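Here's the letter readout for the chains.
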Amino acid sequence: TVQIYGGVVALPWALKPVVGLLSDMVPVCGYKKAPYMLLSSVAGAIAFAAVGLLPASVLPVEAIVVCFVFQMLQLSTNDILAEACYAERIQRSPEVGP
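Residues numbered from 1 in each chain as written. Predicted model: local features only at pLDDT ≥ 70, side-chain atom pairs only at ≥ 80, totals over all residues. Heavy atoms only, no water.

## Details of the overall build of the protein chain
The helix and strand inventory of the protein chain stands at 4 helices and 0 strands. Starting at the N terminus and ending at the C terminus, the protein chain contains elements arranged as α-α-α-α. For 98 residues, the compact-globule estimate of 2.2 N^0.38 gives 13 Å, and the C-alpha radius of gyration of the protein chain, at 16 Å, exceeds that figure by more than 25%. The 98 residues of the protein chain split such that 21% are buried. When contacts within the protein chain are restricted to residue pairs at least 6 apart in sequence, long-range pairs at least 24 apart make up 70% of them. Accessible surface, the protein chain as shown: approximately 6,700 Å² in total, 74% of it carbon and sulfur. Computed over 5 positive and 6 negative side-chain charges, the inter-centroid distance for the protein chain is 7 Å. (Helix = DSSP H or I, 4+ residues; strand = E, 2+ residues; numbered from the N terminus. Rg over C-alpha atoms; globule rule 2.2 N^0.38 Å. Buried < 20%, exposed > 50% of the residue type's maximum accessible area, 1.4 Å probe, protein only. Contact = heavy atoms within 4.5 Å. Areas by Shrake-Rupley, 256 points an atom, 1.4 Å probe, with all protein chains shown as cover. Lys, Arg positive; Asp, Glu negative; His and termini not counted. Charge placed at Lys NZ, Arg CZ, Asp CG, Glu CD.)

So this is what it looks like as structure tokens:
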């Protein structure tokens, strides 16, 4: 079961292309990336707080795994969307790129 939990926790990293497509295809109030980054950061912060502040007796293993999924979702979402922002800026001004 530990391997299953590990696979579930790693799932957000495998879904990075889906997050990138979703953010480009479904803008929120005209913004493509910032709302998704903000939403995932809020969810991740709540998950970090839950794991860090609640006693182990209150959180069953499944709840901890869900918190870890939201933590990884925050990291993977912000990773892919920040990289997309870099790519867009480099395309606009290629002379200052790498």
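Once the structure has been displayed, the description carries forward.
## So, the pattern of salt bridges
Across all of its chains, the model carries 3 salt bridges by this definition. Its salt-bridge partner being Lys33, residue Asp24 comes within 2.9 Å of it at the nearest N-O pair. Lys33 sits in the buried class, given a relative accessible area of 7%. Here Lys33 ties to Glu88 by a salt bridge, and the two come within 3.2 Å at their closest N and O atoms. Of this pair, Lys33 sits in the loop between helix H2 (16-25) and helix H3 (34-53) while Glu88 sits in helix H4 (residues 61-92), placing them 55 residues apart in sequence. (Salt bridge = Lys/Arg side-chain N within 4 Å of Asp/Glu carboxyl O.)

## With respect to the packing of helix H1 (residues 2-14) against H4
Between H1 and H4, whose axes approach to 7 Å, the crossing angle comes to 25°. Relative to H4, the element H1 is oriented roughly parallel. In this structure, H1 meets H4 at a crossing whose hand is right-handed. Within the contact between the two elements, H1 uses Tyr5, Val8, Val9, Pro12 and Trp13 and H4 uses Val61, Glu62, Val65, Phe68, Val69, Met72, Leu73, Leu75, Ser76 and Asp79. Residues that form the contact of H1 with H4 fall into these classes: 12 nonpolar, 1 polar and 2 charged. (Axes fitted to C-alpha atoms, helices over the stretch in contact; angles between N-to-C directions. Parallel < 35°, antiparallel > 145°, perpendicular 65-115°, else oblique. Left-handed = near helix turned anticlockwise from the far one by under 90°. Nonpolar A, V, L, I, M, F, W, Y, C, P; charged D, E, K, R; others polar.)

## Side note on the environment of Tyr31
Its location among the elements puts Tyr31 in the loop between H2 and H3. When the C-alpha positions of Tyr31 and Ala47 are compared, they lie 25 Å apart, and in sequence the two are 16 residues distant.

Just geometry here; none of it tells us what the structure is for.
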